[in-house]
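One letter stands for each residue in the lines below.
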Amino acid sequence: MGSVLAFIQTIPHPVWWVVGALFLALGLSFVYKGWNATVLGRINYWAGFLPLTIVSPWFIHLPPGKNSLIKQREGLLCHMLIGPLFFLTSAPFLVLGADLLGLQGTNAVNLIINHGDKSQPPAITYSPPINYTFPIAFRAGKKINQIFQTQIYEDPSKSLLPGEHKAGQQQTAQDKYGH
């Protein structure tokens, strides 16, 4: 792992710009596919081997050729599920591409997540060339743990069970005929 990180640090800046442009183009392609799926309700998929058919819309970015196994599908599933998933897929590609090109993609995401309030702590931090940390995950984990550890008051007068159930005492259920 250390040799991979050392190699990444030696890559010159023009190469990172090219990689950033490719990621930005891929992110824009996913935005276009998300528009087609969400608004127009159609996607392209590969009609070959079934497990690959399911994930194939994420790999098809060019229009199909003549006599191709790439087919077009329209339907409500595209509007409701596939389109939003394309938009969610586009976000990391757009942010990474913008950061590698020096366009402050992480700052834009932090501004969106914090509702425009620059005084809030950042949700994502970035350091070149490709190093992201997510302080929001730690803060959210603490908040979720606090929510799950909170006791909820239960009014005894609104209990569904008649009387009080004592620990260790087993009650048998009976139907209306006393069986």
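Structure's up top.
Novice: Quick one: what's the story with the packing of aromatic side chains, residue by residue and with numbers?
Specialist: Scanning the entire structure with this criterion turns up five aromatic pairs. Considering the side-chain rings of phenylalanine 30 and phenylalanine 86, the 6.1 Å spacing of their centres and the 35° angle between planes classify their relative orientation as tilted. Of this pair, phenylalanine 30 sits in helix 2 (residues 13–40) while phenylalanine 86 is found in helix 4 (residues 76–100), placing the two residues 56 residues apart along the sequence. Judged by centre distance (4.9 Å) and plane angle (55°), the ring pair of tryptophan 58 and phenylalanine 86 falls under tilted. Of this pair, tryptophan 58 sits in the loop between helix 3 (50–55) and strand 2 (70–74) while phenylalanine 86 sits in helix 4, and the two are 28 residues apart along the sequence. You'll find tryptophan 58 and phenylalanine 86 in the same group, each marked buried. Taken together through their ring pairs, the aromatic side chains of Phe23, Phe30, Trp58, Phe86 and Phe93 make up a single cluster.

What counts, and at which threshold
Residues numbered from 1 in each chain as written. Predicted model: local features only at pLDDT ≥ 70, side-chain atom pairs only at ≥ 80, totals over all residues. Heavy atoms only, no water. Phe/Tyr/Trp six-rings, centres within 6.5 Å; stacked < 30°, edge-to-face > 60°. Helix = DSSP H or I, 4+ residues; strand = E, 2+ residues; numbered from the N terminus. Buried < 20%, exposed > 50% of the residue type's maximum accessible area, 1.4 Å probe, protein only.

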